[in-house]
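Here is what each chain is made of, one letter per residue.
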Amino acid sequence: SQQGEEDPQALSIQEGENATMNCSYKTSINNLQWYRQNSGRGLVHLILIRSNEREKHSGRLRVTLDTSKKSSSLLITASRAADTASYFCATVPSGYALNFGKGTSLLVTP
Amino acid sequence: EAGVTQFPSHSVIEKGQTVTLRCDPISGHDNLYWYRRVMGKEIKFLLHFVKESKQDESGMPNNRFLAERTGGTYSTLKVQPAELEDSGVYFCASSQGRGEAFFGQGTRLTVV
């Protein structure tokens, strides 16, 4: 069953602006991960946040996790045209399998 | 270090034919996964190998799909016979543990 569900489905911003994507999930998790997929390419791992963590940073990325609300957000600051891609959250409820959402399509225009 | 590689990158076959997809994981990664994205839908888990053993195959859609990982190195995913609804992008990933999974570029399968 689908676990992660991203919001919005599509987002269009200009270079330099911040982009925020949200993810909601249904059951308890071990960790939550964010991935990026450029058109026609494979999935690239961005960041992993464990269930006992609330916030994590990596470069221009900031991820938060609220296990009480079963939600996470991904913030990309000072966006660039190269950030244009689809972004997926994926949860690991148990075991090792990733449960993906449908993704947010981000378009960053110059 | 080579990443996860998948062959072929694209495959177009007719309904009823057989197709075999191959995945070479990152060397030393015991965990190997197959995922599939059907057009317009989410990426779905198919199965998980630990070395040569199937740890979890709960996502395999039906018995037309057969995955193997002989020797615990590369893996193959065979679809026989292929149906129209099998069209999509098949991703392979590998990991050392429960953390970051490294994905291949995917195989785009089109069944006509």
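Below is a summary of the structure that appears in this document. Bear in mind the structure is a predicted one, so any value in this text is a computation, not a measurement. (Residues numbered from 1 in each chain as written. Chains lettered and ligands numbered in written order. Predicted model: local features only at pLDDT ≥ 70, side-chain atom pairs only at ≥ 80, totals over all residues. Heavy atoms only, no water.)

1. Describing the state of the cysteines
- Scanning all chains against the criterion turns up two disulfides over all chains.
- In this model Cys-23 of chain A forms its disulfide with Cys-89 of chain A; the gap between the sulfur atoms is 2.0 Å. Sign of the S-S torsion, about 65° for the bond between Cys-23 of chain A and Cys-89 of chain A, identifies this disulfide as right-handed. One end of the pair, Cys-23 of chain A, is in strand 3 (residues 19-24); the other, Cys-89 of chain A, is in strand 9 (residues 85-92), and 66 residues separate them in sequence.
- Judged by its relative accessible area of 2%, Cys-23 of chain A is buried.
- Covalently, Cys-23 of chain B is tied to Cys-92 of chain B through a disulfide, its sulfur atoms 1.8 Å apart. Disulfide Cys-23 of chain B-Cys-92 of chain B: torsion about the S-S bond near -65°, hence left-handed. On the criterion of sequence distance, the pair formed by Cys-23 of chain B in strand 3 (residues 19-24) and Cys-92 of chain B in strand 9 (residues 88-95) is long-range, its members being 69 residues apart. Like Cys-92 of chain B, Cys-23 of chain B is buried. (Disulfide = S-S within 2.5 Å. Helix = DSSP H or I, 4+ residues; strand = E, 2+ residues; numbered from the N terminus. Buried < 20%, exposed > 50% of the residue type's maximum accessible area, 1.4 Å probe, protein only.)

2. Remarks on the sheet that holds strand 7 (residues 65-68) of chain B
Residues and elements named next belong to chain B.
- Strands sit in the order 1-3-8-7 across an open sheet of four strands; the sheet is antiparallel. With one partner strand each, in any of the chains shown, strand 1 (5-7) and strand 7 form the two edges of the open sheet. Between one strand axis and the next, the sheet turns through 15° on average, direction left out of account.
- Both strand 1 and strand 3 contribute to a ladder of three bridges, which runs antiparallel. For Gln-6, the partnering residue across the bridge sits in strand 3 and is Cys-23. (Pairing = 2+ DSSP bridges. Axes fitted to C-alpha atoms, helices over the stretch in contact; angles between N-to-C directions.)

3. Observations concerning the packing of aromatic side chains
- Tallied over the entire structure, the rule returns ten aromatic pairs over all chains.
- Between Tyr-35 of chain A and Phe-103 of chain B the ring centres are 5.3 Å apart and the planes differ by 80°, which places this aromatic pair in the edge-to-face class. Of this pair, Tyr-35 of chain A sits in strand 4 (residues 31-37) while Phe-103 of chain B sits in strand 10 (residues 102-103), on two different chains.
- Look at Phe-103 of chain B and you get buried, because its relative accessible area is 10%.
- Linked through ring pairs, Tyr-35, Phe-88 and Phe-100 of chain A together with Tyr-33, Tyr-35, Phe-45, Phe-91 and Phe-103 of chain B together constitute an aromatic cluster.
- A cation over a ring is seen here: Arg-22 of chain B above Tyr-74 of chain B, with NZ or CZ 3.8 Å from the ring centre. (Phe/Tyr/Trp six-rings, centres within 6.5 Å; stacked < 30°, edge-to-face > 60°. Lys NZ or Arg CZ within 6 Å of the ring centre and 35° of its normal.)

4. Structural notes on the sheet that holds strand 7 (residues 61-66) of chain A
Residue and element names in this part refer to chain A.
- Taken together, the five strands give an open sheet; going across it, the order is 1-3-8-7-6, and neighbouring strands pair in antiparallel fashion. The open sheet has two edge strands with one neighbour each: strand 1 (5-7) and strand 6 (55-58). Here the average twist between neighbouring strands, direction ignored, is 20°.
- Where strand 3 and strand 8 (residues 71-76) come together, six bridges link them in antiparallel fashion.

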